[in-house]
Amino acid sequence: MGGVRGLELRGLLYLFSSLNVSGLYAGYTSRGAKTIAPSHAVVKVDIRSVPRQSLAKLLEKLKKYLEDKGFGDVEIRVLSSYPAGYTRPSEAVVQVSVTVAREVYGKDTGTVVRGFTPHLCIHRASTYTNDRSGVGYYGSRVHAPNKNVRIEYFARGIEHVALTFYQFAYTKRFGKE
């Protein structure tokens, strides 16, 4: 992405908004072949915003961009939305998750901190090692029909989540680690 790699790329992916194409539909899509000029096309996208970013303003910018490119007749429909959230790295649940991850995986981990939903004030943190993130790994084919996980990673992921809940609850209740 723009010549950026490694941790810098990961930072861009998590800290800036993005527009992702989820699907395309246009022209003749049934069996066989037909040479036609499509009369319409549908593109399904998702926009991942960052905290304090207005969905309405993002949609205005998208519409303006499309108009500037000659697509002024595009209809934009919002199917669902929710505001972006943010969890501070200093939150207790993040610190507990990192400590437990070190114990479960036997090595230092990186942490991606995300807010699950600002409406409920639920904080979320994901940890990753150099070879994988969560229960997945680089060959797990995330979101593909043949998505897969390794049983060992899945079991460690369960252990990590369970111990994080337990340790976080203990810390909150007794005020100690």
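Reference entry: report on the structure contained in this document. (Residues numbered from 1 in each chain as written. Predicted model: local features only at pLDDT ≥ 70, side-chain atom pairs only at ≥ 80, totals over all residues. Heavy atoms only, no water.)

Some thoughts on the overall build of the protein
Piece 1. Secondary structure assignment for the protein yields four helices and five strands.
Piece 2. For the protein, the N- to C-terminal ordering of α and β elements is α-β-β-α-α-β-β-β-α.
Piece 3. Counting every position in the protein, which comprises 177 residues, the buried fraction comes to 19%.
Piece 4. Within the protein, residue pairs in contact and separated by at least 24 positions form 44% of the contacts whose partners lie at least 6 positions apart. (Helix = DSSP H or I, 4+ residues; strand = E, 2+ residues; numbered from the N terminus. Buried < 20%, exposed > 50% of the residue type's maximum accessible area, 1.4 Å probe, protein only. Contact = heavy atoms within 4.5 Å.)

Looking at the pattern of salt bridges
Piece 1. Scanning all chains against the criterion turns up four salt bridges.
Piece 2. Put simply, Lys64 and Asp68 hold a salt bridge, and the shortest N to O gap is 3.0 Å. Taken as a pair, Lys64 and Asp68 lie in helix α2 (residues 55-68) at a separation of four residues, close to a single helical turn.
Piece 3. Note on Asp68: relative accessible area 53%, which makes it exposed. (Salt bridge = Lys/Arg side-chain N within 4 Å of Asp/Glu carboxyl O.)

Considering the nonpolar core
Piece 1. Of all hydrophobic cores here, the largest spans five residues; its members are Val96, Val100, Ala101, Val104 and Tyr105.
Piece 2. For Val96, the contacting residues outside a window of four places in its chain are Thr164, Gln167, Phe168 and Thr171. (Core = buried A, V, L, I, M, F, W, Y, C linked by side-chain atoms within 4.5 Å.)

A look at a nonpolar patch on the surface
Piece 1. A contiguous nonpolar patch, built from Leu19, Val21, Leu24, Val43 and Val45 and spanning about 460 Å² of accessible area, is present on the exposed surface.
Piece 2. The set of elements that each furnish at least two residues to the nonpolar patch consists of β1 (18-26) and β2 (41-48).
Piece 3. If one sorts the elements of the nonpolar patch by residue count, β1 sits on top with three residues.
Piece 4. Within the secondary structure, Val21 is located in strand β1.
Piece 5. Owing to a relative accessible area of 54%, Val21 belongs among the exposed residues under this scheme. (Patch = residues over 30% accessible without salt bridge, like charges linked within 9 Å, V, L, I, M, F, W, Y side chains within 5 Å. Areas by Shrake-Rupley, 256 points an atom, 1.4 Å probe, with all protein chains shown as cover.)

Quick look at helix α3 (residues 92-105)
Piece 1. Relative to the 20 Å expected for 14 residues at 1.5 Å per residue, α3 spans 20 Å between its end C-alpha atoms, a close match to the ideal helical length.
Piece 2. Those residues of α3 not exposed but buried are Val94, Val96, Ser97, Val98, Val100, Ala101, Val104 and Tyr105.
Piece 3. Looking at the residues trailing α3, positive phi occurs at Gly106, about 75°. (Expected span 1.5 Å × (residues − 1).)

Some remarks on α2
Piece 1. Under the 1.5 Å per step criterion, the end-to-end length of α2 is 20 Å for 14 residues, consistent within 8% with the ideal 20 Å.
Piece 2. Buried residues along α2 sit against β1 and β2.
Piece 3. With a side-chain oxygen lying 3.3 Å from the backbone nitrogen of Ala56, the N-terminal cap of α2 falls on Ser54.
Piece 4. Note on α2: the residue one or two positions beyond its end, Gly70, has a positive phi of about 95°. (Polar contact = N/O pair within 3.5 Å; in protein donor to acceptor, adjacent residues only side chain to side chain.)

Digging into the environment of Gly23
Piece 1. Relative to the assigned elements, Gly23 resides in strand β1.
Piece 2. The class for Gly23 is partly exposed, based on a relative accessible area of 25%.
Piece 3. Distance in space between the C-alpha atoms of Gly23 and Val42 is 8.2 Å, their sequence separation being 19 residues.
Piece 4. When sequence neighbours within four positions are dropped, the list of residues in contact with Gly23 reads Val42, Val43 and Lys44.

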